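# Coordinate inspection notes
Listed here are the chains, written in short residue letters.
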Amino acid sequence: MKKYLIIFLTIISINVTYGQKEKVANKEVADRFEMNFNSENYDAIFLSFSKEMKSALPLDKTKEFLEELKTEVGKITKRQFVKYEQSYASYKTNFERGLFAVNISIDNNSNINGLFVKPYKDSNLLKIERNSTKLILPFNDEWTITWGGDTKELNYHIESEAQKNAFDIVITDNNDKSFKTDGISNEDYYAFGKELIAPCDGEVVLVVDGIKDNIPGISNPIYIPGNTVIIRTENNEYLFFAHFKQHSIAVKEGQKIRQGQLIGLCGNSGNSSEPHLHFHIQNVEDMNLATGVKCYFEKIQVNGQTKTDYSPIKKEKISN
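What comes next concerns the included structure. Just so we're clear, the structure is a prediction, and the values are computed from it rather than from any experiment.

Cut-offs and rules
- Residues numbered from 1 in each chain as written.
- Predicted model: local features only at pLDDT ≥ 70, side-chain atom pairs only at ≥ 80, totals over all residues.
- Heavy atoms only, no water.
- Helix = DSSP H or I, 4+ residues; strand = E, 2+ residues; numbered from the N terminus.
- Contact = heavy atoms within 4.5 Å.
- Expected span 1.5 Å × (residues − 1).
- Buried < 20%, exposed > 50% of the residue type's maximum accessible area, 1.4 Å probe, protein only.
- Phe/Tyr/Trp six-rings, centres within 6.5 Å; stacked < 30°, edge-to-face > 60°.
- Lys NZ or Arg CZ within 6 Å of the ring centre and 35° of its normal.
- Pairing = 2+ DSSP bridges.
- Core = buried A, V, L, I, M, F, W, Y, C linked by side-chain atoms within 4.5 Å.
- Axes fitted to C-alpha atoms, helices over the stretch in contact; angles between N-to-C directions.
- Parallel < 35°, antiparallel > 145°, perpendicular 65-115°, else oblique.
- Nonpolar A, V, L, I, M, F, W, Y, C, P; charged D, E, K, R; others polar.

Attention now goes to the side chain of Glu 34. In this structure, Glu 34 sits in helix 1 (residues 24–38). Here Glu 34 is in contact with Ile 76 and Arg 79, once residues within four sequence places are set aside.

Next up, the structure:
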């Protein structure tokens, strides 16, 4: 899974630290930005840019950026000043489809010379280094870790705050291939349609179903996780499962489930090039706000040897 989109524009950054009270000029500029953004008056936002900002981000690029942002997250519904970060006034901003930090820098003429939009991170969110809940593997039989570990060579997910401890897992044969015949259809892949089970007791807090499975080799970037289930443990760890087979999810939001219970079937939906399970743990439900949690399984077989309290890595074959 690729990390979630962060929109990032910085034209000028001045190393200045202000007091933590919002200045009148910043408030007026932020108010106008919100009004013009919600009314899709992007020309007015462009006119509020400094000369340098206009040069670096011409009108057509400004409109493209703002239109993409509006499509992704909707209108601004609430905005609260938080603090100054160097030359930027930082606002905790509720959009219709997400919570983001909107940082706006202005020059001495109250023209915008920097704009930064990213998922909002609450410093008060609980940090969890590793799971304390005892887990079994979320499947039967033997599967193979294709991505997993603490380095970029072992696990490309480490670049994502929420997914940095994630696993991608498939089933392979004696030749380390994940498919039979030519691999053209999902049914050629050993993992496709295999049962995925609950690693522990918990409550289902999110279900996304109905997304079509991809043709192998062609991913769906519109909804990156594809068909998804999130389970909250009694210790408030959030177990994130992605890429289920379309219409195969067997649980509902709000449902209490038991360890070993069927969740759904492995599929190839979302940003997935072949049928596989993406699994990780995070500290909150919302992946845009979450920090990844290191995942250890209580007792598993790794390349034929028993391991306890173990976090598997790339190329290891694992089973309960």
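The end-to-end C-alpha distance of helix 1, which contains 15 residues, comes to 21 Å, matching closely the 21 Å that a straight helix rising 1.5 Å per residue would cover. Of all the residues in helix 1, the buried ones are Asn 26, Val 29, Ala 30, Phe 33, Glu 34, Asn 36, Phe 37 and Asn 38.

Counted under the stated rule, the structure contains 13 aromatic pairs. Between Trp 147 and Tyr 156 the ring centres are 5.2 Å apart and the planes differ by 80°, which places this aromatic pair in the edge-to-face class. Look at Phe 179 and Tyr 189: their rings are 5.3 Å apart centre to centre, the planes differ by 50°, and that puts the pair in the tilted class. Note that Phe 179 is positioned in the loop between strand 7 (167–170) and strand 8 (195–197) and Tyr 189 in the loop between strand 7 and strand 8, a separation of 10 residues in sequence. Phe 179 gets classed as partly exposed once you look at its relative accessible area, which sits at 24%. An aromatic cluster is defined as three or more aromatic residues linked by ring pairs; in this entry it consists of Phe 167, Phe 241, Phe 244, Phe 279 and Phe 297. For the cation-ring pair, Lys 54 lies above Phe 46, with the distance from its terminal atom to the ring centre recorded as 5.8 Å. The ring centre of Trp 147 lies 4.3 Å from the NZ or CZ of Lys 314, which sits over that ring.

For the rest of this paragraph, the subject is the pairing of strand 9 (residues 202–208). Most of strand 9 is tucked away: 5 of the 7 residues are buried. Inspection of the sheet shows strand 9 paired to strand 12 (residues 256–257) by 2 bridges, in the antiparallel sense. Opposite Gly 202, over in strand 12, you have Ile 257 as the bridge partner. With 5 bridges connecting them, strand 9 and strand 10 (residues 227–232) associate as antiparallel partners. Its bridge partner lying in strand 10, Val 204 is registered against Ile 231.

Quick look at the nonpolar core now. Of all hydrophobic cores here, the largest spans 34 residues; its most connected members are Trp 143, Ile 231 and Phe 279. If we ignore the near neighbours within four places in the chain, the residues touching Phe 279 are Ala 166, Phe 167, Pro 199, Leu 239, Phe 240, Phe 241, Cys 295 and Phe 297. In this structure, Phe 37, Phe 49, Phe 81 and Ile 112 belong to the second largest nonpolar core, which totals 27 residues.

Next up on the list: the packing of helix 1 against helix 4 (residues 59–73). Axis separation between helix 1 and helix 4 bottoms out at 11 Å; the angle between their running directions is 75°. Considering the angle they form, helix 1 stands roughly perpendicular to helix 4. Residues Phe 33, Phe 37 and Asn 38 of helix 1 touch helix 4, and the partners they reach there are Leu 66, Leu 69 and Lys 70. Within the contact of helix 1 with helix 4, the residues separate by chemical class into 4 nonpolar, 1 polar and 1 charged.

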